[in-house]
Amino acid sequence: DSPAQVIGNPMSNEQSVMRTSLIPGLVDALIVNVVRQSRSIRLFEYGQCFTADGDNLTQGFRIGGVLWGLKDPENWSQPAKIADFFDIKGDVERLVATGGRSATFIVSTRSAFHPGQSADICIDDDVVGTLGRLSPELQSKLDIDGDVFLFECDVEPLLLNRQRRHDEVSRYPSIRRDLALVVHESVTSESVEKLIRDAVGELLVEFRLFDVYKGKGIDSIEKSLAVGLTFQDPAKTLTD
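Residues numbered from 1 in each chain as written. Predicted model: local features only at pLDDT ≥ 70, side-chain atom pairs only at ≥ 80, totals over all residues. Heavy atoms only, no water.

Caption draft 1: Molecular detail of unusual backbone geometry. Even without being glycine, Gln 37 reaches a positive phi, approximately 70 degrees. With a phi close to 70 degrees, Asp 125 is a non-glycine residue in the positive phi region. Structurally, the position occupied by Asp 125 is in the loop between β4 (113-123) and β5 (126-134). Overall, the relative accessible area of 73% leaves Asp 125 in the exposed class. (Helix = DSSP H or I, 4+ residues; strand = E, 2+ residues; numbered from the N terminus. Buried < 20%, exposed > 50% of the residue type's maximum accessible area, 1.4 Å probe, protein only.)

Given below as structure tokens:
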């Protein structure tokens, strides 16, 4: 879907031998295409990587991607928008969803990624990959304007398809309540969602984060999360 012409194989001969990550090859391919004046780049690679486990090496397949430049092809109906963290996160969520599964995200400490714009990808509470913005230290070594976003994930967890379950659509109306929650800036929306779902149970049919506010009226180490909670019972009308 990208208007850019993608040139180059992200996996060089050197990187194909005992490589531990797909990210260097993806960045090399990105540079080649930026030099050739591409303005919107989305690349992915699927291949084997090695992991050191003490004195032993294990190998497995991983999938990775890189995103840079314009989010959408240039057109007259909307202003140009640069791709950001939430675009790469959305790509990963759709990739995981193809197997009928869902991902959660926790703060990542992986050195190749930006400490404030990165997350580890979790499936069934297991960390299977990482996504986010390239670290400022590595970005400064590239002759590229604009932020680079990447993801890398083990393939095997994506292939374990979960059986789909379809529930009957409730005939009873839903109720939505919006809350503004002031929390410490380190608290993630995922942890807030888990806490609320554990407390409410199956009556909560949708959790939606629709605003994050930091500024006047809130302590500098805090933020306000605006969340929409939709409740519905399959067998009766809910009351306040």
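There is more to say after this.
Caption draft 2: Examining helix α1 (residues 23-35) more closely. Between its first and last C-alpha, α1 extends 18 Å over 13 residues, near the 18 Å set by a 1.5 Å rise per residue. All buried positions along α1 are accounted for by Ile 23, Gly 25, Leu 26, Val 27, Ala 29, Leu 30, Asn 33 and Val 34. Residues of α1 that are buried in the fold lie against β1 (40-53), β2 (56-69), β4 and β6 (149-154). Once α1 finishes, Gln 37 follows within two positions and takes phi at roughly 70 degrees, a positive value. (Expected span 1.5 Å × (residues − 1). Contact = heavy atoms within 4.5 Å.)

Caption draft 3: Quick peek at the pattern of salt bridges. Counted under the stated rule, the structure contains 15 salt bridges. Close ionic contact of Glu 152 with Arg 110 constitutes a salt bridge, the shortest N to O distance being 2.9 Å. Highlighted residues: Glu 152 in strand β6 and Arg 110 in the loop between β3 (104-107) and β4, separated in sequence by 42 residues. By relative accessible area, Glu 152 is classed as buried at 2%. A salt bridge links Arg 133 to Asp 147, with the shortest nitrogen-to-oxygen separation between them at 3.4 Å. With Arg 133 in strand β5 and Asp 147 in the loop between α3 (136-139) and β6, the pair connects residues that are 14 residues apart, well separated along the chain. Judged by relative accessible area, Asp 147 falls into the partly exposed class, the value being 32%. (Salt bridge = Lys/Arg side-chain N within 4 Å of Asp/Glu carboxyl O.)

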